[in-house]
Amino acid sequence: MFRTKWVAALALGSVLLATPALTQEKKTIAVSIPAADHGWTAGVVYHANAAAKEIKAAFPDVDVIVKTSPSAAAQVSAIEDLSAGRKIDALVILPHSSEELTTPVKAIKDTGAFVTVVDRGLSDASIQDLYVAGDNIAVGHTTARFLVDKLAGKGNLVVLRGIPTVIDDERIKGFQDGIAGSDLKILDIQYANWNSDEAFKLMQDYLAKYPHIDAVWANDDDMLLGVLEAIKQSGRTEIKYALGGNGMKEIVEKVIAGDKVTPIETPYPPSMIKTAIYMTAAQFVGQAPVRGTVKLDAPLITQANAKEYYFPDSPF
Amino acid sequence: MTDMTAIGSIQHEPQFKINWVDAGPFIALAALLLVGFLVNPEFLSANNIANVVTRSAFIAIIAVGATFVISSGGLDLSVGSMAAFVTGVMILSMNALAANLGTSAIIAGIGIVMLAGVLCGLVNGVIVTVGKIEPFIATLGTMGIFRALITYLSDGGSIPIDRSLRDAYRPVYFGSLLGVPVPIVISIVVAVAASFILYKTKYGRRCAAVGANEDVARYSGISVTKVRTIAYVIQGACVAIAAICYVPRLGAATPTTGLLWELQVITAVVIGGTALRGGKGHIWGTVAGAVILELIANLMVLSDFVSEYLVAAVQGVIIIIAMLIQRLSR
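Residues numbered from 1 in each chain as written. Chains lettered and ligands numbered in written order. Predicted model: local features only at pLDDT ≥ 70, side-chain atom pairs only at ≥ 80, totals over all residues. Heavy atoms only, no water.

Trainee: How should the overall build of chain A be read in this particular structure?
Mentor: The helix and strand inventory of chain A stands at ten helices and ten strands. Expected size for 316 residues packed as a compact globule is a radius of gyration near 20 Å; at 21 Å, chain A falls within 12% of this value. With the C-alpha coordinates aligned to their principal axes, the bounding extent of chain A is approximately 70 × 40 × 35 Å. Here chain A, with 316 residues, has 58% of them falling under the buried criterion. If you take every contact in chain A between residues at least 6 apart in sequence, the share linking residues at least 24 apart comes to 73%. Per element, the accessible surface of chain A, about 12,600 Å² overall, is 56% carbon and sulfur. Across chain A, the centroid of the 31 positively charged side chains sits 3 Å from that of the 38 negatively charged ones. (Helix = DSSP H or I, 4+ residues; strand = E, 2+ residues; numbered from the N terminus. Rg over C-alpha atoms; globule rule 2.2 N^0.38 Å. Buried < 20%, exposed > 50% of the residue type's maximum accessible area, 1.4 Å probe, protein only. Contact = heavy atoms within 4.5 Å. Areas by Shrake-Rupley, 256 points an atom, 1.4 Å probe, with all protein chains shown as cover. Lys, Arg positive; Asp, Glu negative; His and termini not counted. Charge placed at Lys NZ, Arg CZ, Asp CG, Glu CD.)

Structure representation (structure tokens):
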């Protein structure tokens, strides 16, 4: 889906370039994102840099500057520095935290810049011109519906959740709503902090505690890696499904290979930053209206469509 | 009874007396096992105990090294990051060598990771002793450096081990020797070697003397710089040994590998009866401390008492109770 979009965007771009100068003035899009400190943010950095490169090549009149920051405080300084040096026509930001970034982003907005917010919303939604996010509730819900369907509405589940945050709560809520009304039973649910090592230990403990488990859901793929290793070690064969979420390439590879235990995946794609940068660029080069809210679905990734979500060069 | 902390274990302990300070962590461990069994009989199943003790191996091995650093009056906050960094270095070098060496790349990798660990420890030691920077600050600095290096090496993602090495290396975590899981065997070997060094060699006594009273040690002609630096080098070597056991488990290093291990390590050392202010170290107590920490986490999952939101609070309470049992058994 994304890929066709880019092709479309590029085609559109070349048509526009062929037409006599739409605007000669060079536009600057600043992109502020968290530094790569785990798989998902590493994916964000990869896709942001890829988008910057592609857009600069396609539209010589648009400059894209990508800046990564390791913390909320550093991100505040980074966007102040970005705007101090030059005039920014647009800011694409994936905020570290909503509260701390709201005022600094408002200051950029007040200079007349177009503001695109990605993933985590600011405290004041009126600041953003465009909001692009994934759907965490759907990540849980899509997975739950798959299990209800495949287990014929009956079975014992164990769940591993991440770090106590809104993201985690939404995924769990989506999952619980998804299994509501069926006879699927969550035997246990514990935090493993989106960490493979903690997930490995927790899964060992689940296996020791429960003699019969039909399916495991780890609400993130990092944890799923630990879960799979613990199941392999135990030699237990009754576990029909071990599923994750997010779209890590190692797991998408399993889906492509037709893995029995992990046949599907649900995306919360870091490539959403790319969607946001492309749409922001469209505002300048195509005069295409993009103001609004875009919520990317978390559709079921199966063997049939997995290639669309597979980025072999990305770290995630 | 002789006041051991004051003179730093220079005298030989009387063999016929039970040393309650040494026994403390084991009493706490026994109490925990009993409580665990009452809560869920599954807790004492051979399988569960083997799993839990095996996975406490990393913390136990690193904590044995930390016992040297802490008893010599130092502190090392960088061990978790260092573990992640040397794990990354090991996997990258094994992957690079796999094409030429085949599975012997694992042996080469083990050599390289030991070298990397010793060098990292040496850097910490030299900054603390020659640079004369407070250990807390110096190792807080290197903690950030090692963490950033692993993030850089992995581009923020993960560094997986080459598929051709995966199965050959797997037994180092999942295999067993005479029925005992390999990481437990390695921990025991490390602890035996460490207690020999700490209790039976000149270096071990100097280590305790420096930790007990730096000035007195210096006036007695001990090179404080040398003793402390060696303690950090031992710590680095222990981190590398832990990495050797860690790599085959999940087969990857990531920026979140070893996160907060330093706190677990320090907790294990203190539960084991070694005072944070330095002086006498308790190697076997430290090992028991590491197992206690892992057992508590395991017990939290196996019991149904605690809501998932309160697990960390209950763990904190149990750690404090374990410390109190130790104190009272003195």
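Trainee: Explain the interface of chain B and chain A to me, please; I cannot follow it from the model alone.
Mentor: How big an interface is tends to be stated in terms of the accessible area lost upon association of its parts. With 32 residues of chain B in contact, the opposing surface of chain A contributes 30 residues. Summed over both sides, the interface of chain B with chain A buries roughly 2,500 Å², with 47% coming from carbon and sulfur. Looking at the side of chain B facing chain A, the largest losses of area belong to B:Leu250, B:Val301 and B:Glu308, adding up to 24% of the total buried there. On the surface where chain B and chain A come into contact, there are seven salt bridges. (Buried area = accessible area lost by both parts, 1.4 Å probe. Salt bridge = Lys/Arg side-chain N within 4 Å of Asp/Glu carboxyl O.)

Trainee: Could you clarify how one ought to interpret the sheet that holds strand β10 (residues 292-295) of chain A in this entry?
Mentor: Hydrogen bonds along the backbone pair up the strands of a sheet, which may run parallel or antiparallel. Residue and element names in this part refer to chain A. If you walk across this open sheet you meet the six strands as β2-β1-β3-β4-β5-β10, and the pairing is parallel. Looking at strand neighbours, the two that pair on one side only are β2 (62-69) and β10, the edges of this open sheet. Along the sheet, successive strands turn relative to each other by an average axial angle of 15°, direction set aside. Both strand β1 (residues 27-34) and strand β3 (residues 90-93) contribute to a ladder of four bridges, which runs parallel. Residue pairing in the sheet places Ser 32 in a bridge with Ile 93 of β3. Relative to strand β4 (residues 114-118), helix α10 (residues 272-285) is tilted by about 165°, and along the sheet it contacts β1, β2, β3, β4, β5 (130-133) and β10. (Pairing = 2+ DSSP bridges. Axes fitted to C-alpha atoms, helices over the stretch in contact; angles between N-to-C directions.)

Trainee: Help me understand the pairing of strand β7 (residues 183-191) of chain A, please; the structure alone is not making it clear to me.
Mentor: In regular strands, side chains alternate between the two faces of the sheet. Residues and elements named next belong to chain A. Pairing geometry for strand β6 (residues 154-161) and β7, over eight bridges, is parallel. If you follow Val 158 over to β7, its bridge partner there is Asp 188. Each parallel crossover has a hand, and the one from β6 via helix α6 (residues 166-179) to β7 is right-handed. (Right-handed = clockwise from strand over helix to strand, strands pointing away.)

Worth remembering: the numbers are spatial, not functional.
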